[in-house]
Amino acid sequence: MHFRILRLLQENPEMSQRDLAKAVGVSVGRMNYVLNALVDKGLVKLGNFTAAKDKRRYAYVLTPQGIAKRAALTRSFLARKVAEYEALREEIETLSLELPNNALDQDRG
């Protein structure tokens, strides 16, 4: 969840807690809790969103630590997905060898 939130905030620091909660699929209360934890960890800082008419609205800006954490989470996520892809590719290859010749081509056509 932290990866998705950091990614969303880097792209859209003006997103409201409600918008973030909806995008991530959690309650607004849970989002508030997670954002406070990210602020406490020094990954996100709060700033007033000056373009908003409502001056109580905040922008959630990633700190340099937050940007580094997002990059680390991205690397980890990508490595996990590449490993899943390779395992799936090998399984497809193995299953394809078990089929009679052209059986896969006939199913597609």
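Scroll up to find the structure.
The notes below deal with the structure included here. Everything quoted here is computed from the prediction, not taken from an experiment. (Residues numbered from 1 in each chain as written. Predicted model: local features only at pLDDT ≥ 70, side-chain atom pairs only at ≥ 80, totals over all residues. Heavy atoms only, no water.)

### Here we look at the packing of helix α1 (residues 2-11) against helix α3 (residues 28-40)
Following both chains from N to C, one finds α1 and α3 inclined at 80 degrees, their axes separated by 11 Å at the closest point. Compared by their axis directions, α1 and α3 come out roughly perpendicular. Facing His2, Ile5, Leu6 and Leu9 of α1, the residues of α3 in contact are Met31, Val34, Leu35 and Leu38. For the contact of α1 with α3, the class distribution of residues is 7 nonpolar, 1 polar and no charged. (Axes fitted to C-alpha atoms, helices over the stretch in contact; angles between N-to-C directions. Helix = DSSP H or I, 4+ residues; strand = E, 2+ residues; numbered from the N terminus. Parallel < 35°, antiparallel > 145°, perpendicular 65-115°, else oblique. Contact = heavy atoms within 4.5 Å. Nonpolar A, V, L, I, M, F, W, Y, C, P; charged D, E, K, R; others polar.)

### Here we look at the packing of aromatic side chains
Scanning all chains against the criterion turns up 1 aromatic pair. Taking the centre distance of 5.3 Å and the plane angle of 20 degrees together, the rings of phenylalanine 3 and phenylalanine 77 count as stacked. Of this pair, phenylalanine 3 sits in helix α1 while phenylalanine 77 sits in helix α4 (residues 64-98), and the two are 74 residues apart along the sequence. Look at phenylalanine 3 and you get buried, because its relative accessible area is 15%. (Phe/Tyr/Trp six-rings, centres within 6.5 Å; stacked < 30°, edge-to-face > 60°. Buried < 20%, exposed > 50% of the residue type's maximum accessible area, 1.4 Å probe, protein only.)

### Some thoughts on α3
The terminal C-alpha atoms of α3 lie 18 Å apart, and with 13 residues this matches the ideal 18 Å at 1.5 Å per residue to within 8%. Looking only at α3, the buried set comprises Met31, Val34, Leu35 and Leu38. All buried residues of α3 project into a common sector of 100 degrees when viewed along the axis, lining one side. Of the exposed residues in α3, those oriented more than 90 degrees away from the buried face are Gly29, Tyr33 and Asp40. Two residues or fewer after α3 comes glycine 42, characterised by a positive phi angle close to 80 degrees. (Expected span 1.5 Å × (residues − 1). Arc of directions from axis to C-beta.)

### Describing the nonpolar core
By size, the foremost hydrophobic cluster in this structure holds 16 residues, and its most contacted members are Ile5, Leu9, Leu20, Met31, Leu35, Leu38 and Val44. Elements with a contribution of two residues or more to this core: α1, α2 (17-24), α3 and β2 (58-62). Leaving out residues up to four positions away in the same chain, leucine 9 has contacts with Leu20, Leu35, Val44, Tyr60 and Leu62. (Core = buried A, V, L, I, M, F, W, Y, C linked by side-chain atoms within 4.5 Å.)

### Remarks on the pattern of salt bridges
It is possible for side chains bearing opposite charge to pair when their charged atoms get close. Enumeration according to the criterion identifies 4 salt bridges in this entry. The partner of glutamate 86 in a salt bridge is arginine 89, with the nearest N and O atoms 2.7 Å apart. Taken together, the residues span about one helical turn, with glutamate 86 and arginine 89 both in helix α4 at a distance of 3 residues. Note on arginine 89: relative accessible area 34%, which makes it partly exposed. Note that arginine 89 is salt-bridged to glutamate 93, the shortest N-O span being 3.1 Å. Separated by 4 residues within a single helix, arginine 89 and glutamate 93 lie in helix α4, roughly one turn from each other. (Salt bridge = Lys/Arg side-chain N within 4 Å of Asp/Glu carboxyl O.)

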